[in-house]
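Each chain, written out:
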Amino acid sequence: MKRSTDRLLALAMLIVGIACFAKLYPTLGAKPLAMARLEIFGVAGVLSVLAGLLFLAGLLPGAARHDPAAPLFGRDAEIAPAGHPRLRRAALALPFLALLVIVADQFGPWRTQRPGGEPAKEVATAPAAPAPRPSEPKPEPEASTKPTTPEASAKPTAPAPTQEEVAKPAPPAESAPRPAQPAQPVQPTEQTALAPATPPQTEAPPPPAPPAQPTALEGHRDAVVWLAVSADGREILSASTDRMIKLWDVDGKRLIRDLGQHKDMARTALFMPDGKTALTAGDDGEIVLRQLSDGAALHVFSSGANGGVRQLKISPDGTRAVSGHDTGSVVVWDLGKGAVLHVLPGHDWSVSSVAISPDGTRALTGSIDGELKLWDIVSGKQLRGWHGHDRGAYGAVFLADGHHAVTGSGDYTIKLWDLDSFKEVRRFEGHSGTVYALALSADGRRLGSVSLDGTARIWNLDTGAEIAEFDPGTGPMYSVAFAADGTLLTGGIDRTIRDWPAAGGDGKVLFAGAPE
(Lines give C-alpha, C1' and ligand atoms only; values in the text may rest on other atoms or scores of the structure.)
Protein backbone atom coordinates (compact mmCIF):
# COMPACT_ATOMS: atom_id res chain seq x y z
CA MET A 1 0.00 0.00 0.00
CA LYS A 2 1.26 3.50 -0.79
CA ARG A 3 2.78 5.59 1.97
CA SER A 4 0.24 8.38 1.38
CA THR A 5 -2.58 5.94 2.19
CA ASP A 6 -0.77 4.79 5.33
CA ARG A 7 -0.43 8.40 6.46
CA LEU A 8 -4.17 9.02 6.03
CA LEU A 9 -4.93 5.88 8.03
CA ALA A 10 -2.49 7.00 10.72
CA LEU A 11 -4.22 10.41 10.92
CA ALA A 12 -7.63 8.75 11.30
CA MET A 13 -6.31 6.50 14.07
CA LEU A 14 -4.78 9.44 15.95
CA ILE A 15 -8.06 11.37 15.72
CA VAL A 16 -10.00 8.41 17.13
CA GLY A 17 -7.44 8.03 19.93
CA ILE A 18 -7.72 11.71 20.85
CA ALA A 19 -11.51 11.40 20.85
CA CYS A 20 -11.20 8.53 23.33
CA PHE A 21 -8.96 10.63 25.58
CA ALA A 22 -11.49 13.47 25.40
CA LYS A 23 -14.15 11.12 26.79
CA LEU A 24 -11.92 10.44 29.80
CA TYR A 25 -12.10 13.94 31.31
CA PRO A 26 -15.70 13.76 32.61
CA THR A 27 -14.95 10.48 34.41
CA LEU A 28 -12.00 11.77 36.43
CA GLY A 29 -12.83 11.50 40.14
CA ALA A 30 -15.92 9.43 39.46
CA LYS A 31 -17.20 6.59 41.61
CA PRO A 32 -16.32 2.93 40.93
CA LEU A 33 -19.13 2.33 38.44
CA ALA A 34 -17.78 5.07 36.15
CA MET A 35 -14.21 3.89 36.59
CA ALA A 36 -14.93 1.09 34.12
CA ARG A 37 -15.61 3.82 31.58
CA LEU A 38 -12.25 5.38 32.41
CA GLU A 39 -10.43 2.11 31.82
CA ILE A 40 -12.22 1.28 28.56
CA PHE A 41 -11.61 4.68 26.97
CA GLY A 42 -8.05 4.75 28.25
CA VAL A 43 -7.21 1.42 26.64
CA ALA A 44 -9.03 2.27 23.39
CA GLY A 45 -7.27 5.64 23.17
CA VAL A 46 -3.80 4.25 23.85
CA LEU A 47 -4.20 1.42 21.31
CA SER A 48 -5.57 3.76 18.61
CA VAL A 49 -2.74 6.27 19.08
CA LEU A 50 -0.14 3.47 19.12
CA ALA A 51 -1.55 1.98 15.88
CA GLY A 52 -1.52 5.43 14.28
CA LEU A 53 2.11 6.01 15.20
CA LEU A 54 3.11 2.60 13.81
CA PHE A 55 1.37 3.35 10.49
CA LEU A 56 2.90 6.83 10.40
CA ALA A 57 6.38 5.36 10.89
CA GLY A 58 5.80 2.77 8.14
CA LEU A 59 6.37 -0.15 10.53
CA LEU A 60 3.26 -2.06 9.45
CA PRO A 61 3.74 -2.76 5.72
CA GLY A 62 1.36 -5.06 3.91
CA ALA A 63 2.37 -8.11 1.85
CA ALA A 64 5.84 -8.15 0.30
CA ARG A 65 6.28 -6.63 -3.14
CA HIS A 66 9.11 -7.16 -5.58
CA ASP A 67 10.83 -4.95 -8.07
CA PRO A 68 9.40 -5.93 -11.50
CA ALA A 69 12.80 -5.35 -13.12
CA ALA A 70 14.50 -8.03 -10.98
CA PRO A 71 14.37 -11.82 -11.50
CA LEU A 72 12.05 -13.66 -9.17
CA PHE A 73 14.72 -15.99 -7.85
CA GLY A 74 18.41 -16.65 -8.21
CA ARG A 75 21.56 -14.80 -7.36
CA ASP A 76 20.21 -11.57 -8.84
CA ALA A 77 16.81 -11.81 -7.20
CA GLU A 78 15.76 -8.97 -4.93
CA ILE A 79 13.65 -10.13 -2.03
CA ALA A 80 11.28 -7.62 -0.46
CA PRO A 81 10.72 -7.59 3.34
CA ALA A 82 8.06 -10.05 4.40
CA GLY A 83 5.81 -7.34 5.84
CA HIS A 84 3.37 -7.71 8.73
CA PRO A 85 -0.05 -8.34 7.08
CA ARG A 86 -1.70 -9.89 10.17
CA LEU A 87 -0.48 -7.22 12.58
CA ARG A 88 -1.50 -4.62 9.99
CA ARG A 89 -5.05 -5.98 9.83
CA ALA A 90 -5.27 -6.04 13.62
CA ALA A 91 -4.11 -2.41 13.78
CA LEU A 92 -6.68 -1.41 11.15
CA ALA A 93 -9.44 -2.91 13.33
CA LEU A 94 -8.48 -0.87 16.41
CA PRO A 95 -10.03 2.49 15.39
CA PHE A 96 -13.28 0.76 14.44
CA LEU A 97 -13.44 -0.91 17.84
CA ALA A 98 -12.72 2.44 19.50
CA LEU A 99 -15.57 4.03 17.57
CA LEU A 100 -17.89 1.24 18.72
CA VAL A 101 -16.83 1.98 22.30
CA ILE A 102 -17.70 5.67 21.85
CA VAL A 103 -21.13 4.78 20.39
CA ALA A 104 -21.80 2.22 23.11
CA ASP A 105 -20.91 4.86 25.70
CA GLN A 106 -24.18 6.63 24.95
CA PHE A 107 -26.13 3.63 26.25
CA GLY A 108 -23.73 2.01 28.77
CA PRO A 109 -24.54 1.38 32.45
CA TRP A 110 -22.27 4.23 33.57
CA ARG A 111 -24.78 6.67 32.05
CA THR A 112 -26.85 6.23 35.23
CA GLN A 113 -24.29 8.41 37.00
CA ARG A 114 -23.28 11.94 36.22
CA PRO A 115 -19.70 13.12 36.07
CA GLY A 116 -18.26 13.46 39.54
CA GLY A 117 -20.25 10.52 40.92
CA GLU A 118 -23.57 12.33 41.49
CA PRO A 119 -26.56 9.98 40.95
CA ALA A 120 -28.79 10.94 38.07
CA LYS A 121 -32.25 12.20 38.99
CA GLU A 122 -35.21 10.04 38.06
CA VAL A 123 -37.90 11.55 35.85
CA ALA A 124 -41.54 10.51 36.29
CA THR A 125 -43.38 9.23 33.25
CA ALA A 126 -47.05 9.20 32.38
CA PRO A 127 -47.64 5.42 32.21
CA ALA A 128 -48.26 3.71 35.53
CA ALA A 129 -46.08 0.77 34.50
CA PRO A 130 -42.35 1.49 34.34
CA ALA A 131 -41.00 1.77 30.83
CA PRO A 132 -38.68 -1.09 29.91
CA ARG A 133 -35.00 -0.24 30.08
CA PRO A 134 -33.49 0.05 26.63
CA SER A 135 -31.14 -2.80 25.92
CA GLU A 136 -27.60 -2.07 24.95
CA PRO A 137 -27.25 -2.39 21.16
CA LYS A 138 -24.97 -5.10 19.86
CA PRO A 139 -22.32 -3.84 17.47
CA GLU A 140 -22.51 -5.18 13.97
CA PRO A 141 -19.60 -7.52 13.07
CA GLU A 142 -17.06 -5.80 10.87
CA ALA A 143 -16.52 -6.94 7.32
CA SER A 144 -13.36 -8.99 7.12
CA THR A 145 -10.56 -7.59 5.04
CA LYS A 146 -8.84 -9.70 2.46
CA PRO A 147 -5.07 -10.04 2.65
CA THR A 148 -3.27 -8.85 -0.39
CA THR A 149 -0.58 -10.81 -2.11
CA PRO A 150 2.53 -10.09 -4.30
CA GLU A 151 5.62 -11.65 -5.89
CA ALA A 152 8.35 -11.20 -6.12
CA SER A 153 4.94 -12.36 -6.71
CA ALA A 154 6.86 -11.62 -8.85
CA LYS A 155 5.50 -7.71 -7.81
CA PRO A 156 7.21 -12.63 -8.43
CA THR A 157 8.49 -10.18 -7.97
CA ALA A 158 7.07 -13.39 -10.92
CA PRO A 159 8.86 -14.81 -12.13
CA ALA A 160 10.88 -15.12 -9.24
CA PRO A 161 12.38 -17.96 -10.25
CA THR A 162 11.69 -17.15 -6.98
CA GLN A 163 9.95 -14.82 -9.37
CA GLU A 164 8.91 -11.27 -8.91
CA GLU A 165 5.41 -10.69 -7.75
CA VAL A 166 4.27 -7.18 -8.38
CA ALA A 167 0.97 -5.44 -8.12
CA LYS A 168 0.15 -4.45 -11.62
CA PRO A 169 -2.65 -2.29 -12.90
CA ALA A 170 -4.61 -3.63 -15.82
CA PRO A 171 -7.69 -2.41 -17.67
CA PRO A 172 -10.87 -3.95 -16.29
CA ALA A 173 -11.80 -7.18 -18.01
CA GLU A 174 -15.30 -8.05 -19.05
CA SER A 175 -16.29 -11.12 -17.07
CA ALA A 176 -17.78 -13.87 -19.18
CA PRO A 177 -20.68 -15.64 -17.44
CA ARG A 178 -20.05 -19.31 -16.94
CA PRO A 179 -22.60 -21.45 -18.77
CA ALA A 180 -24.71 -23.64 -16.55
CA GLN A 181 -23.53 -27.23 -16.49
CA PRO A 182 -25.25 -30.34 -15.17
CA ALA A 183 -23.93 -31.54 -11.84
CA GLN A 184 -21.37 -34.29 -12.21
CA PRO A 185 -20.58 -36.97 -9.66
CA VAL A 186 -17.47 -36.28 -7.59
CA GLN A 187 -14.67 -38.68 -8.46
CA PRO A 188 -12.39 -39.92 -5.71
CA THR A 189 -8.91 -38.43 -5.80
CA GLU A 190 -5.98 -40.82 -5.95
CA GLN A 191 -2.79 -40.13 -4.05
CA THR A 192 0.71 -40.93 -5.04
CA ALA A 193 4.00 -41.37 -3.25
CA LEU A 194 6.26 -38.47 -2.35
CA ALA A 195 9.56 -38.19 -4.13
CA PRO A 196 12.11 -37.91 -1.30
CA ALA A 197 15.59 -36.61 -1.86
CA THR A 198 16.68 -40.18 -1.22
CA PRO A 199 14.59 -43.39 -1.10
CA PRO A 200 12.39 -44.71 0.39
CA GLN A 201 9.14 -43.05 -0.64
CA THR A 202 6.41 -41.80 1.66
CA GLU A 203 2.74 -41.17 1.02
CA ALA A 204 1.50 -37.88 -0.32
CA PRO A 205 -1.14 -35.85 1.54
CA PRO A 206 -4.60 -35.80 -0.03
CA PRO A 207 -5.07 -32.99 -2.53
CA PRO A 208 -7.17 -29.94 -1.68
CA ALA A 209 -10.79 -29.93 -2.76
CA PRO A 210 -11.41 -28.11 -6.05
CA PRO A 211 -12.15 -24.42 -5.38
CA ALA A 212 -15.74 -23.25 -5.61
CA GLN A 213 -16.53 -21.80 -9.00
CA PRO A 214 -17.37 -18.07 -9.00
CA THR A 215 -20.69 -16.95 -10.40
CA ALA A 216 -18.81 -14.75 -12.89
CA LEU A 217 -15.49 -16.04 -14.19
CA GLU A 218 -12.62 -13.60 -14.33
CA GLY A 219 -9.06 -13.38 -15.62
CA HIS A 220 -5.91 -13.68 -13.55
CA ARG A 221 -5.27 -11.38 -10.60
CA ASP A 222 -1.49 -11.53 -10.86
CA ALA A 223 1.32 -12.20 -13.34
CA VAL A 224 0.73 -14.87 -16.00
CA VAL A 225 3.84 -17.07 -15.83
CA TRP A 226 2.87 -20.01 -18.06
CA LEU A 227 0.93 -20.61 -21.29
CA ALA A 228 0.19 -23.88 -23.12
CA VAL A 229 -1.91 -24.48 -26.25
CA SER A 230 -3.92 -27.66 -26.79
CA ALA A 231 -3.10 -30.01 -29.69
CA ASP A 232 -6.13 -28.80 -31.67
CA GLY A 233 -5.32 -25.15 -30.91
CA ARG A 234 -8.77 -24.43 -29.49
CA GLU A 235 -7.87 -24.11 -25.81
CA ILE A 236 -5.18 -22.44 -23.71
CA LEU A 237 -3.97 -23.29 -20.22
CA SER A 238 -2.46 -20.53 -18.08
CA ALA A 239 -0.75 -20.48 -14.68
CA SER A 240 -0.23 -17.44 -12.50
CA THR A 241 1.37 -16.14 -9.35
CA ASP A 242 -2.23 -15.80 -8.07
CA ARG A 243 -2.02 -19.64 -7.68
CA MET A 244 -4.81 -20.25 -10.21
CA ILE A 245 -4.84 -22.52 -13.27
CA LYS A 246 -7.31 -21.33 -15.92
CA LEU A 247 -8.69 -22.94 -19.08
CA TRP A 248 -9.56 -20.62 -22.00
CA ASP A 249 -11.58 -21.01 -25.19
CA VAL A 250 -9.62 -19.45 -28.07
CA ASP A 251 -12.39 -19.35 -30.67
CA GLY A 252 -15.04 -18.15 -28.22
CA LYS A 253 -12.58 -15.75 -26.57
CA ARG A 254 -13.83 -16.64 -23.09
CA LEU A 255 -12.73 -18.27 -19.88
CA ILE A 256 -14.09 -21.79 -19.74
CA ARG A 257 -13.34 -22.43 -16.05
CA ASP A 258 -10.88 -22.12 -13.22
CA LEU A 259 -9.24 -25.52 -13.51
CA GLY A 260 -7.74 -25.56 -10.02
CA GLN A 261 -5.67 -23.75 -7.43
CA HIS A 262 -2.29 -24.51 -5.89
CA LYS A 263 -1.39 -23.71 -2.29
CA ASP A 264 1.46 -21.53 -3.54
CA MET A 265 2.46 -19.86 -6.79
CA ALA A 266 1.39 -21.93 -9.83
CA ARG A 267 4.29 -22.51 -12.25
CA THR A 268 3.25 -24.90 -15.01
CA ALA A 269 0.09 -26.21 -16.71
CA LEU A 270 0.40 -28.79 -19.50
CA PHE A 271 -2.16 -30.60 -21.66
CA MET A 272 -1.82 -34.39 -21.49
CA PRO A 273 -1.71 -36.25 -24.84
CA ASP A 274 -5.16 -37.77 -24.20
CA GLY A 275 -6.74 -34.31 -24.57
CA LYS A 276 -8.92 -34.92 -21.50
CA THR A 277 -6.56 -34.15 -18.63
CA ALA A 278 -3.87 -31.66 -17.66
CA LEU A 279 -0.82 -31.79 -15.39
CA THR A 280 -0.15 -28.72 -13.24
CA ALA A 281 2.61 -27.86 -10.77
CA GLY A 282 3.58 -25.10 -8.37
CA ASP A 283 5.77 -23.90 -5.56
CA ASP A 284 3.71 -25.97 -3.10
CA GLY A 285 5.65 -29.02 -4.33
CA GLU A 286 2.59 -30.75 -5.81
CA ILE A 287 2.06 -32.03 -9.34
CA VAL A 288 -1.66 -32.54 -9.91
CA LEU A 289 -3.39 -34.52 -12.67
CA ARG A 290 -6.64 -32.67 -13.35
CA GLN A 291 -9.70 -33.44 -15.41
CA LEU A 292 -10.32 -30.76 -18.03
CA SER A 293 -14.10 -31.20 -17.98
CA ASP A 294 -14.53 -30.04 -14.38
CA GLY A 295 -11.09 -29.48 -12.84
CA ALA A 296 -11.35 -32.49 -10.53
CA ALA A 297 -8.00 -33.65 -9.13
CA LEU A 298 -7.47 -37.25 -10.25
CA HIS A 299 -3.98 -37.82 -8.87
CA VAL A 300 -1.43 -35.90 -6.80
CA PHE A 301 2.34 -36.36 -7.01
CA SER A 302 4.08 -34.69 -4.06
CA SER A 303 7.77 -33.90 -4.28
CA GLY A 304 8.32 -33.98 -0.54
CA ALA A 305 11.84 -33.00 0.51
CA ASN A 306 12.71 -32.00 -3.05
CA GLY A 307 10.79 -28.76 -2.60
CA GLY A 308 8.72 -26.58 -4.93
CA VAL A 309 8.27 -27.51 -8.59
CA ARG A 310 9.86 -24.78 -10.71
CA GLN A 311 9.65 -26.51 -14.11
CA LEU A 312 7.71 -29.50 -15.48
CA LYS A 313 7.62 -31.25 -18.85
CA ILE A 314 5.78 -34.34 -20.15
CA SER A 315 7.16 -36.89 -22.60
CA PRO A 316 5.41 -36.93 -26.00
CA ASP A 317 3.72 -40.27 -25.25
CA GLY A 318 2.48 -39.06 -21.86
CA THR A 319 4.08 -41.90 -19.89
CA ARG A 320 6.75 -39.86 -18.06
CA ALA A 321 7.23 -36.41 -16.63
CA VAL A 322 10.38 -34.61 -15.51
CA SER A 323 10.23 -31.93 -12.83
CA GLY A 324 12.91 -29.47 -11.71
CA HIS A 325 12.84 -28.25 -8.11
CA ASP A 326 14.05 -25.32 -6.05
CA THR A 327 16.42 -27.63 -4.14
CA GLY A 328 18.30 -28.46 -7.37
CA SER A 329 16.78 -31.95 -7.64
CA VAL A 330 15.45 -33.38 -10.90
CA VAL A 331 12.68 -35.99 -10.50
CA VAL A 332 11.54 -38.45 -13.17
CA TRP A 333 7.94 -39.67 -12.72
CA ASP A 334 6.09 -42.69 -14.09
CA LEU A 335 2.70 -41.11 -14.77
CA GLY A 336 0.97 -44.40 -15.48
CA LYS A 337 1.98 -46.01 -12.19
CA GLY A 338 1.95 -42.80 -10.18
CA ALA A 339 5.46 -43.52 -8.93
CA VAL A 340 8.92 -41.96 -8.83
CA LEU A 341 11.42 -43.48 -11.27
CA HIS A 342 14.52 -41.44 -10.40
CA VAL A 343 15.57 -38.60 -8.12
CA LEU A 344 18.59 -36.91 -9.70
CA PRO A 345 20.29 -34.46 -7.30
CA GLY A 346 22.58 -33.07 -9.97
CA HIS A 347 22.25 -29.28 -9.65
CA ASP A 348 23.74 -27.16 -6.88
CA TRP A 349 21.20 -24.38 -7.47
CA SER A 350 17.48 -24.17 -8.15
CA VAL A 351 16.40 -25.74 -11.45
CA SER A 352 15.09 -23.04 -13.80
CA SER A 353 14.45 -24.96 -17.05
CA VAL A 354 13.48 -28.46 -18.19
CA ALA A 355 13.03 -29.93 -21.68
CA ILE A 356 12.35 -33.51 -22.87
CA SER A 357 13.63 -34.86 -26.20
CA PRO A 358 11.10 -35.78 -28.92
CA ASP A 359 11.77 -39.50 -28.38
CA GLY A 360 11.14 -39.16 -24.64
CA THR A 361 14.45 -40.72 -23.56
CA ARG A 362 16.51 -37.66 -22.58
CA ALA A 363 16.01 -34.47 -20.63
CA LEU A 364 17.89 -31.17 -20.61
CA THR A 365 17.86 -29.14 -17.40
CA GLY A 366 19.30 -25.76 -16.50
CA SER A 367 19.80 -24.01 -13.18
CA ILE A 368 20.05 -20.42 -12.01
CA ASP A 369 23.86 -20.59 -11.97
CA GLY A 370 23.89 -21.16 -15.77
CA GLU A 371 24.78 -24.87 -15.53
CA LEU A 372 23.21 -27.21 -18.14
CA LYS A 373 22.87 -30.97 -17.77
CA LEU A 374 21.75 -33.70 -20.17
CA TRP A 375 20.13 -36.82 -18.64
CA ASP A 376 19.12 -40.29 -19.74
CA ILE A 377 15.74 -40.42 -18.00
CA VAL A 378 15.29 -44.15 -18.64
CA SER A 379 18.40 -45.15 -16.69
CA GLY A 380 18.59 -42.03 -14.52
CA LYS A 381 22.19 -41.28 -15.52
CA GLN A 382 23.76 -37.92 -16.30
CA LEU A 383 25.17 -37.87 -19.84
CA ARG A 384 26.86 -34.49 -19.73
CA GLY A 385 27.08 -31.28 -17.74
CA TRP A 386 28.54 -27.96 -18.91
CA HIS A 387 28.44 -24.26 -18.03
CA GLY A 388 26.26 -22.86 -20.79
CA HIS A 389 25.48 -19.34 -19.55
CA ASP A 390 27.00 -16.71 -17.30
CA ARG A 391 23.69 -16.45 -15.45
CA GLY A 392 20.53 -18.50 -15.02
CA ALA A 393 19.37 -20.74 -17.89
CA TYR A 394 15.63 -20.45 -18.67
CA GLY A 395 13.11 -21.75 -21.18
CA ALA A 396 14.95 -24.76 -22.62
CA VAL A 397 13.41 -26.43 -25.72
CA PHE A 398 14.51 -29.37 -27.88
CA LEU A 399 14.43 -29.06 -31.66
CA ALA A 400 12.56 -31.69 -33.65
CA ASP A 401 15.73 -33.59 -34.60
CA GLY A 402 16.48 -34.33 -30.93
CA HIS A 403 20.15 -33.40 -31.41
CA HIS A 404 19.82 -29.66 -30.85
CA ALA A 405 18.33 -27.53 -28.08
CA VAL A 406 17.86 -23.84 -27.36
CA THR A 407 18.22 -22.07 -24.01
CA GLY A 408 17.58 -18.51 -22.84
CA SER A 409 19.43 -16.83 -20.01
CA GLY A 410 19.92 -14.11 -17.46
CA ASP A 411 22.93 -13.01 -19.51
CA TYR A 412 20.36 -11.71 -22.07
CA THR A 413 21.36 -14.24 -24.75
CA ILE A 414 19.65 -17.19 -26.45
CA LYS A 415 21.91 -20.06 -27.51
CA LEU A 416 21.46 -22.96 -29.92
CA TRP A 417 23.38 -26.07 -28.79
CA ASP A 418 24.61 -29.16 -30.63
CA LEU A 419 23.93 -31.94 -28.12
CA ASP A 420 26.30 -34.35 -29.84
CA SER A 421 29.34 -32.10 -29.48
CA PHE A 422 27.92 -29.88 -26.70
CA LYS A 423 29.06 -26.78 -28.53
CA GLU A 424 27.27 -23.53 -29.19
CA VAL A 425 26.02 -23.41 -32.79
CA ARG A 426 24.31 -20.02 -32.91
CA ARG A 427 23.55 -17.08 -30.66
CA PHE A 428 20.45 -14.86 -30.77
CA GLU A 429 21.04 -11.39 -29.32
CA GLY A 430 18.73 -8.43 -28.92
CA HIS A 431 17.04 -8.64 -25.53
CA SER A 432 18.19 -6.22 -22.84
CA GLY A 433 16.90 -8.26 -19.90
CA THR A 434 16.70 -11.86 -18.73
CA VAL A 435 15.28 -14.12 -21.46
CA TYR A 436 12.72 -15.90 -19.32
CA ALA A 437 10.77 -18.27 -21.62
CA LEU A 438 11.05 -19.78 -25.11
CA ALA A 439 8.64 -21.49 -27.50
CA LEU A 440 9.13 -23.35 -30.78
CA SER A 441 6.69 -22.94 -33.69
CA ALA A 442 4.86 -26.00 -35.04
CA ASP A 443 7.02 -26.07 -38.18
CA GLY A 444 10.23 -25.81 -36.13
CA ARG A 445 11.47 -22.82 -38.14
CA ARG A 446 10.75 -19.99 -35.71
CA LEU A 447 11.56 -19.36 -32.06
CA GLY A 448 9.51 -17.14 -29.74
CA SER A 449 11.06 -15.49 -26.70
CA VAL A 450 9.92 -13.21 -23.86
CA SER A 451 12.08 -11.23 -21.49
CA LEU A 452 12.09 -9.21 -18.32
CA ASP A 453 12.93 -6.25 -20.57
CA GLY A 454 9.20 -6.18 -21.40
CA THR A 455 9.51 -7.35 -25.02
CA ALA A 456 8.64 -10.46 -27.00
CA ARG A 457 10.51 -11.48 -30.16
CA ILE A 458 10.30 -13.99 -33.00
CA TRP A 459 13.56 -15.38 -34.44
CA ASN A 460 14.54 -17.30 -37.55
CA LEU A 461 16.14 -20.50 -36.22
CA ASP A 462 18.08 -21.16 -39.43
CA THR A 463 19.80 -17.78 -39.59
CA GLY A 464 19.48 -16.32 -36.11
CA ALA A 465 17.87 -13.18 -37.53
CA GLU A 466 15.13 -11.36 -35.64
CA ILE A 467 11.80 -11.51 -37.49
CA ALA A 468 9.68 -9.31 -35.23
CA GLU A 469 9.77 -7.47 -31.93
CA PHE A 470 6.75 -6.65 -29.77
CA ASP A 471 6.67 -4.17 -26.91
CA PRO A 472 3.30 -3.46 -25.26
CA GLY A 473 4.96 -1.21 -22.67
CA THR A 474 3.38 -3.08 -19.78
CA GLY A 475 6.48 -4.47 -18.05
CA PRO A 476 8.19 -7.87 -17.80
CA MET A 477 6.88 -10.82 -19.81
CA TYR A 478 7.11 -14.34 -18.34
CA SER A 479 5.31 -16.78 -20.68
CA VAL A 480 5.13 -17.48 -24.40
CA ALA A 481 3.52 -20.00 -26.80
CA PHE A 482 2.64 -20.24 -30.48
CA ALA A 483 -1.06 -20.38 -31.36
CA ALA A 484 -2.39 -22.81 -33.94
CA ASP A 485 -2.47 -20.07 -36.59
CA GLY A 486 1.20 -19.21 -36.01
CA THR A 487 0.64 -16.03 -34.02
CA LEU A 488 2.56 -15.50 -30.79
CA LEU A 489 0.85 -15.62 -27.39
CA THR A 490 2.43 -13.92 -24.39
CA GLY A 491 1.66 -13.42 -20.70
CA GLY A 492 3.28 -11.11 -18.22
CA ILE A 493 3.14 -8.91 -15.20
CA ASP A 494 0.10 -6.99 -16.50
CA ARG A 495 -2.08 -10.13 -15.93
CA THR A 496 -3.19 -10.29 -19.58
CA ILE A 497 -2.74 -12.83 -22.37
CA ARG A 498 -1.88 -11.10 -25.65
CA ASP A 499 -1.88 -12.27 -29.26
CA TRP A 500 0.80 -10.91 -31.67
CA PRO A 501 0.88 -11.23 -35.49
CA ALA A 502 3.53 -13.62 -36.81
CA ALA A 503 5.06 -11.04 -39.16
CA GLY A 504 5.13 -8.21 -36.62
CA GLY A 505 2.84 -5.33 -35.83
CA ASP A 506 0.41 -4.40 -33.12
CA GLY A 507 -0.98 -7.11 -30.88
CA LYS A 508 -4.29 -7.39 -29.10
CA VAL A 509 -5.44 -8.42 -25.65
CA LEU A 510 -6.87 -11.90 -26.08
CA PHE A 511 -7.82 -12.41 -22.42
CA ALA A 512 -7.67 -9.56 -19.91
CA GLY A 513 -6.89 -9.80 -16.22
CA ALA A 514 -9.54 -9.56 -13.52
CA PRO A 515 -10.87 -6.06 -12.77
CA GLU A 516 -9.07 -4.18 -10.00
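Residues numbered from 1 in each chain as written. Predicted model: local features only at pLDDT ≥ 70, side-chain atom pairs only at ≥ 80, totals over all residues. Heavy atoms only, no water.

Before going further, it helps to examine the pairing of strand 10 (residues 286-291). Burial of strand 10 is extensive: six of the six residues sit out of reach of the surface. As paired elements, strand 9 (residues 277-282) and strand 10 share five bridges and run antiparallel to each other. Across the sheet, Thr280 pairs through a bridge with Val288, a residue of strand 10. The turn joining strand 9 and strand 10, which pair antiparallel and follow one another in sequence, is formed by three residues; a positive phi near 80° is taken by Gly285. Bridge analysis of strand 10 against strand 11 (residues 297-302) gives five bridges, and the strand direction is antiparallel. Its bridge partner lying in strand 11, Glu286 is registered against Ser302. Here strand 10 folds back onto strand 11, and the loop between the two strands holds five residues, one of which, Gly295, carries a positive phi near 80°. (Buried < 20%, exposed > 50% of the residue type's maximum accessible area, 1.4 Å probe, protein only. Helix = DSSP H or I, 4+ residues; strand = E, 2+ residues; numbered from the N terminus. Pairing = 2+ DSSP bridges.)

It is worth spelling out the environment of Ala296 at this point. When you line up the elements, Ala296 lands in the loop between strand 10 and strand 11. Overall, Ala296 belongs to the buried group, its relative accessible area being 12%. Spatially, the C-alpha atom of Ala296 lies 7.8 Å from that of Gly260, the residues being 36 residues apart in sequence.

A surface patch of nonpolar side chains, amounting to about 250 Å² of accessible area, comprises Val43, Leu47 and Leu50. With respect to the helices, strands and loops of the structure, Leu50 is situated in helix 2 (residues 32-56). Classification of Leu50 as partly exposed rests on a relative accessible area of 45%. (Patch = residues over 30% accessible without salt bridge, like charges linked within 9 Å, V, L, I, M, F, W, Y side chains within 5 Å. Areas by Shrake-Rupley, 256 points an atom, 1.4 Å probe, with all protein chains shown as cover. Salt bridge = Lys/Arg side-chain N within 4 Å of Asp/Glu carboxyl O.)

Our focus in this paragraph is the pairing of strand 25 (residues 446-451). The element strand 25 is largely enclosed, with a buried count of six among its six residues. Neither face of strand 25 is open: one carries Arg446, Gly448 and Val450, the other Leu447, Ser449 and Ser451, and all of them are buried. For strand 24 (residues 435-440) and strand 25, the ladder comprises five bridges, and the chain directions are antiparallel. Directly across from Ala437, in strand 25, lies its bridge partner Val450. Hairpin connection between strand 25 and strand 26 (residues 456-460): a loop of four residues separates the two successive antiparallel strands, and Gly454 in this loop has a positive phi of roughly 90°.

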